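# Residue-level structural notes
The chain contents come next:
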Amino acid sequence: MLVLGIETSCDETAAAVVKDGIEILSNEIASQSSLHAIYGGVVPELACRRHIDVIIPVIDKALKDAGVELKEIDLFAVTYGPGLVGALLIGLNAAKALAISQKKPFIGVNHIEAHLYAALFSHKGKIPLSFPCLGMVLSGGHTALVEIKEIGKYELISQTVDDAIGEAFDKTAKMVGLPYPGGPIIEKLAKAGDAKKFPFKAGSVKGLPLHFSFSGLKTAVLYAIQELTKNNSPLSQEQICDIAASFQYAAFTDVIKKALICSEEKKIRQIIFGGGVANSATLRSFFGALAPELDCFWPEATLSLDNAAMIAGLGYHKFREKKRVGDSLDLETMAALCW
Ligand code: KG4
Ligand code: ZN
């Protein structure tokens, strides 16, 4: 079964062709990060306009790379939430139009759930993975721990009560004068910094020990910068690297601590990761060093960030689960879709 996946929930326009939910034939991503870099974050109106400009060429390229013709596609899978409503609309309407023109079914996919599908592409068949397992989404829009009962069945365990972890990376980068997206550049600068220089700490939520909170950490970074620059002197490169290292250490040790408590409570060792922050090699090595008892499943680099292969892959399973009946064409975008 050939599935064309479409993803436009934020600032990536992506299309992919996936066979039988697991074999990626093409995975085309047009990133807009340079468009938003100077603003320190995604500007929704600009994102929508760029999606409109590039969606057809991106779909064409995905079909061409896969060596597949549009008429050969059996199912159109598309992100319908969560995300920026205007951005989601463009992908959703493209998928509906293709489904109507080709007289083929279409299915809406939850973007966050799809992030947790991404790691299965590389690991399926190689490493034994049994359900239930844990899933951790670490992205620019979400931070959550879930129990995955089986593919497509998730139970939310905890999530952030304020900022997502990736958002905290992006804001920290912005505060020290670095462009969007902040994660990769913070990771790079942190290598030259002292992680113990600033005693930053991520938040804990009263009565909810597994929930996340990053807004206090962000404010602590702001106060540290204000203190260092109070005489109108700009931050030195060394200070920026120390802030990056201390912030990153605080954010990552917090998610590792919570993953470990959760694993202990649920008696589940296997954990799948998804989302842009899971791309961090530093995070992966921290998990290896600080939580060796966890069996971690990471997506490949191109599949950690927003992509359409994960949408096509999960869409295939959702379609089978719904007894091969797709979604109705009146499916709406759901900007605040949860689990
Ligand atoms: O999953 P994603 O592509 O988009 C959302 O669904 O949000 O994640 C983007 C986020 C951004 O906040 C970016 O700064 C962060 O992932 N990110 C990283 C790294 N690479 C990307 N954060 C920390 N370290 C990285 N190496
Ligand atoms: Zn995402």
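As shown above, the structure is provided for reference.
Described in the following lines is the structure provided in the data block. (Residues numbered from 1 in each chain as written. Chains lettered and ligands numbered in written order. Predicted model: local features only at pLDDT ≥ 70, side-chain atom pairs only at ≥ 80, totals over all residues. Heavy atoms only, no water.)

## Side note on the packing of aromatic side chains
To be explicit about the condition: Any two rings among Phe, Tyr and Trp, with Trp reduced to its six-membered ring, count as a pair given centres within 6.5 Å; such a pair is stacked if its planes are under 30 degrees apart, edge-to-face if over 60, and tilted if neither. In our convention, an over-ring charge means Lys NZ or Arg CZ found within 6 Å of a ring centre and within 35 degrees of that ring's normal.
For the structure shown, the criterion picks out ten aromatic pairs. Here the aromatic rings of phenylalanine 198 and phenylalanine 200 are separated by 5.4 Å at their centres, their planes lie at 10 degrees, and the arrangement is stacked. An aromatic cluster of at least three residues, connected via ring pairs, comprises Phe169, Phe247, Tyr249, Phe252 and Phe286. Against the face of tyrosine 249 rests lysine 196, its NZ or CZ located 5.5 Å from the ring centre.

## Brief notes about the site of ligand 1
We apply this condition: Whether a residue is near a molecule or strand depends on its heavy atoms: if one lies within 4 Å, it is near. The definition of a polar contact used here is a pair of N or O atoms within 3.5 Å, where within protein one atom must be able to donate a hydrogen and the other to accept one, and adjacent residues in sequence count solely through side-chain atom pairs. Here the accessible surface of atoms and residues is derived via Shrake-Rupley with a 1.4 Å probe, and residues count as covered only by protein chains that are part of the display. We count a stretch as a helix when DSSP gives it H or I for four or more residues in a row; a strand needs E for two or more, and each element gets its number in order from the N terminus. Classification used: nonpolar for Ala, Val, Leu, Ile, Met, Phe, Trp, Tyr, Cys and Pro, charged for Asp, Glu, Lys and Arg, polar for all others including Gly.
Around ligand 1 lies a shell of 19 residues, among which Gly140, Asp170, Gly183, Glu187 and Gly276 are the nearest. Contact distances for ligand 1 include 3.2 Å between an oxygen atom and a side-chain N or O atom of histidine 111. Glycine 166 has a polar backbone atom sitting 3.1 Å from an oxygen atom of ligand 1. Summarising the interface, the protein chains cover 92% of the accessible area of ligand 1, which totals 560 Å² for the free molecule. If one sorts the elements of the shell around ligand 1 by residue count, helix H7 (residues 182–190) sits on top with four residues. Class assignment for the residues of the shell around ligand 1 results in five nonpolar, eleven polar and three charged.

## A short note on the pairing of strand S2 (residues 12–19)
Inclusion rule: Remark: exposure states derive from per-residue accessible area (1.4 Å probe, protein chains only) relative to the maximum for the residue type, with buried under 20%, exposed over 50%, and partly exposed in between. For two strands to be treated as a pair, DSSP must find at least two bridges joining them.
For S2, the buried fraction is high: seven of the eight residues fall into the buried class. Of the strand pairs in this sheet, strand S1 (residues 2–7) and S2 are connected by six bridges, and their pairing is antiparallel. Looking at the pairing, isoleucine 6 lines up with alanine 15 of S2. Between S1 and S2, which pair antiparallel in sequence order, lie four residues. Bridge count for S2 against strand S3 (residues 23–31) is eight bridges, and the pairing is antiparallel. Within S3, the residue paired with valine 18 across the bridge is isoleucine 24. Turn length for the S2-S3 hairpin, with the two strands adjacent in sequence and antiparallel, is three residues, and the turn residue aspartate 20 shows positive phi of about 50 degrees.

## Quick notes on the sheet that holds strand S12 (residues 295–297)
The strands that make up a sheet pair up through hydrogen bonds in the backbone, lying either parallel or antiparallel. Short version of the rule: Working convention: axes come from line fits to C-alpha atoms, limited for helices to the stretch in contact. Angles between N-to-C directions cover 0 to 180 degrees. Contacts: residue pairs with any heavy atoms within 4.5 Å of one another.
The five strands lie next to each other as S8-S7-S6-S11-S12, forming an open sheet whose pairing is mixed. Of all strands in the sheet, those bounded by a partner on one side alone are strand S8 (153–159) and S12. Ignoring which end each strand starts from, the neighbouring axes of this sheet average 25 degrees apart. Pairing of strand S11 (residues 270–274) with S12 involves three bridges; the strand directions are parallel. Among the inter-strand pairings, glutamine 270 is bridged to a residue of S12, identified as aspartate 295. Each of strand S6 (133–138), strand S7 (143–150), S8 and S11 is contacted by helix H9 (residues 237–266), which is oriented at about 160 degrees to S6, the strand it contacts most.

## Here we look at the pattern of salt bridges
Just so we agree on the cut-off: Just to be clear on terms, a salt bridge is a Lys or Arg side-chain nitrogen sitting within 4 Å of an Asp or Glu carboxyl oxygen.
Applying the stated criterion across every chain yields a total of 13 salt bridges. The closest approach of N and O atoms between lysine 61 and aspartate 65, which form a salt bridge, is 3.1 Å. Taken together, the residues lysine 61 and aspartate 65, both in helix H2 (residues 44–66) and four residues apart, mark about one turn of the helix. A relative accessible area of 42% means that aspartate 65 is categorised as partly exposed. Among the charged side chains, a network of salt bridges with common partners joins Glu147, Lys149, Glu155 and Lys266.

## Thoughts on helix H8 (residues 215–228)
The test is simple: Each helix should span, by expectation, one fewer than its residue count multiplied by 1.5 Å. Directions pointing from the helix axis toward each C-beta atom define the arc.
The end-to-end C-alpha distance of H8 is 20 Å, a good match for the 20 Å that 14 residues give at a rise of 1.5 Å each. Of all the positions in H8, only Leu217, Lys218, Val221, Ala224 and Ile225 are classed as buried. Considered in projection along H8, the buried side chains sweep an arc of 120 degrees and stay on one side of the axis. Where H8 is buried, its residues contact helix H6 (165–175) and H9.

## As for the coordination of the zinc ion (ligand 2)
Keep this limit in mind: Note that water is not among the atoms considered, so a metal site may appear incomplete; the donors listed are N, O and S atoms within 2.8 Å of the metal, with 3.2 Å applied to Na, K and Ca. Angle rules define the geometry names used: all angles between 85 and 135 degrees makes four donors tetrahedral, while opposite donors over 155 degrees apart and all other angles between 65 and 115 make four donors square planar and six octahedral, leaving every other case irregular.
The zinc ion (ligand 2) binds to the protein through His111 (NE2), His115 (NE2) and Asp306 (OD), with metal-donor distances spanning 2.0 to 2.1 Å. Coordination at the zinc ion (ligand 2) is irregular: its four donor atoms span angles of 94 to 139 degrees at the metal. Binding-site remark: the zinc ion (ligand 2) is held by donors from one chain whose sequence spacing is H-x3-H-x190-D. In this pair, histidine 115 sits in helix H4 (residues 111–115) while aspartate 306 sits in the loop between helix H11 (301–304) and helix H12 (309–321), placing the two residues 191 residues apart along the sequence. Taking relative accessible area as the criterion, histidine 115 reaches 1% and is therefore assigned buried.

## Topic: the nonpolar core
Selection criterion: Take the buried residues of types Ala, Val, Leu, Ile, Met, Phe, Trp, Tyr and Cys, join any two whose side-chain atoms come within 4.5 Å, and each joined set is a nonpolar core.
The biggest cluster of nonpolar side chains holds 81 residues, and the ones touching the most others in it are Met136, Ile165, Phe200, Phe214, Phe247, Val255 and Phe287. The biggest single contributor to this core is H9, with 13 residues. Excluding anything up to four places from it in sequence, valine 255 contacts Met136, Leu138, Ile165, Phe212, Phe214, Leu283 and Phe287. By size, the runner-up hydrophobic cluster in this structure holds 28 residues, among which are Ala15, Ile59, Val68 and Tyr80.

## Points about the packing of H7 against H9
This is how it is decided: Should an angle fall under 35 degrees it is called roughly parallel, over 145 degrees roughly antiparallel, and 65 to 115 degrees roughly perpendicular, with every other angle called oblique. Left-handed describes a crossing whose near helix is turned anticlockwise from the far helix through less than a right angle; right-handed describes the clockwise counterpart.
Where H7 contacts H9, the two axes come as close as 8 Å, and the packing angle between them is 110 degrees. Overall, the two elements H7 and H9 adopt an arrangement that is roughly perpendicular. Where H7 crosses over H9, the two elements pack in a sense that is left-handed. Contact with H7, carried on its side by Ile186, Glu187, Leu189 and Ala190, involves Gln237, Ile240, Cys241, Ala244, Ala245, Phe247 and Gln248 of H9 and no other residues of that element. Each residue belonging to the contact of H7 with H9 can be placed in one class, and the counts come to eight nonpolar, two polar and one charged.

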